[in-house]
Amino acid sequence: MFNTTTAHIDLEALSNNLHKVKSSAPNSKVLAMIKCNAYGHGAVEVAKRIEQEVGAFGVMFLEEALELHNAGIKKPIVILTGFFDSEELKTIDKFGFECVIHNLDQIDILVKTKLMQALRVWLKIDTGMHRLGLQPHQVPVAYKALITN
């Protein structure tokens, strides 16, 4: 017989913890990471509970951003994987999501895709873990492409 592990999320405790974090850095904004369904705790429920206390939300994929948007979340949503093709980029543009750019292929897609509005992006730079991110020597190329297009 195996026991089932159950996690009970106390949203009040989550909010209190967030207040403690914010009091440690009162002039900072919080990007609340709620990717992967808030690590299994319910992204929509968590987002609704802390929306007024954070500057933005971070998710892994476009589908998660759409879920939050469709649930009425108004704070900025940052997609950590960015986009994989021009269709995803057009959807990001349509809904006003922000995204992380972590390779030059994404820059190429961005340059070739007609957008309705300016896109807010975050550049991820590989600082040594070699998982994701632009190599430091690629940053000037990426930055120049972003500001000229």
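Keep in mind that what you see is a predicted model, and the values were worked out from it rather than measured. (Residues numbered from 1 in each chain as written. Predicted model: local features only at pLDDT ≥ 70, side-chain atom pairs only at ≥ 80, totals over all residues. Heavy atoms only, no water.)

A closer look at the sheet that holds strand E5 (residues 121-123)
Threshold: Being paired, for any two strands, means DSSP has found at least two bridges between them. Put simply, DSSP marks the helices as runs of H or I at least four residues long and the strands as runs of E at least two long, and each gets a number from the N terminus on. What counts as an axis is a line fitted to C-alpha atoms, over the stretch in contact for a helix, and the angles between N-to-C directions run from 0 to 180 degrees.
Spatially, the 5 strands line up as an open sheet ordered E1-E2-E3-E4-E5, and their pairing is parallel. Each edge of the open sheet is held by one strand with a lone partner, namely strand E1 (31-33) and E5. With strand direction ignored, the average angle separating the axes of adjacent strands in the sheet is 25 degrees. Note that strand E3 (residues 77-79) and strand E4 (residues 98-101) share 2 bridges and pair parallel. When the sheet's bridge partners are listed, isoleucine 79 is paired in E4 with cysteine 99.

A few points about the packing of helix H4 (residues 62-70) against helix H5 (residues 86-95)
For clarity, the threshold we go by: Oblique is the label for any angle not covered by the other classes, which are roughly parallel (under 35 degrees), roughly antiparallel (over 145) and roughly perpendicular (65 to 115). With the far helix as reference, a near helix turned anticlockwise by less than a right angle produces a left-handed crossing, and one turned clockwise produces a right-handed crossing. Contacts between residues were defined by any pair of non-hydrogen atoms, one from each residue, lying within 4.5 Å.
Interaxial distance between H4 and H5 falls to 11 Å at its minimum, and their mutual angle equals 25 degrees. Here H5 runs roughly parallel to H4, going by the angle between their axes. Judged by the sense of rotation from one axis to the other, the crossing of H4 with H5 is left-handed. Each of Leu62, Leu66 and His69 in H4 lies in contact with H5, whose residues at this interface are Glu88, Thr91, Ile92 and Phe95.

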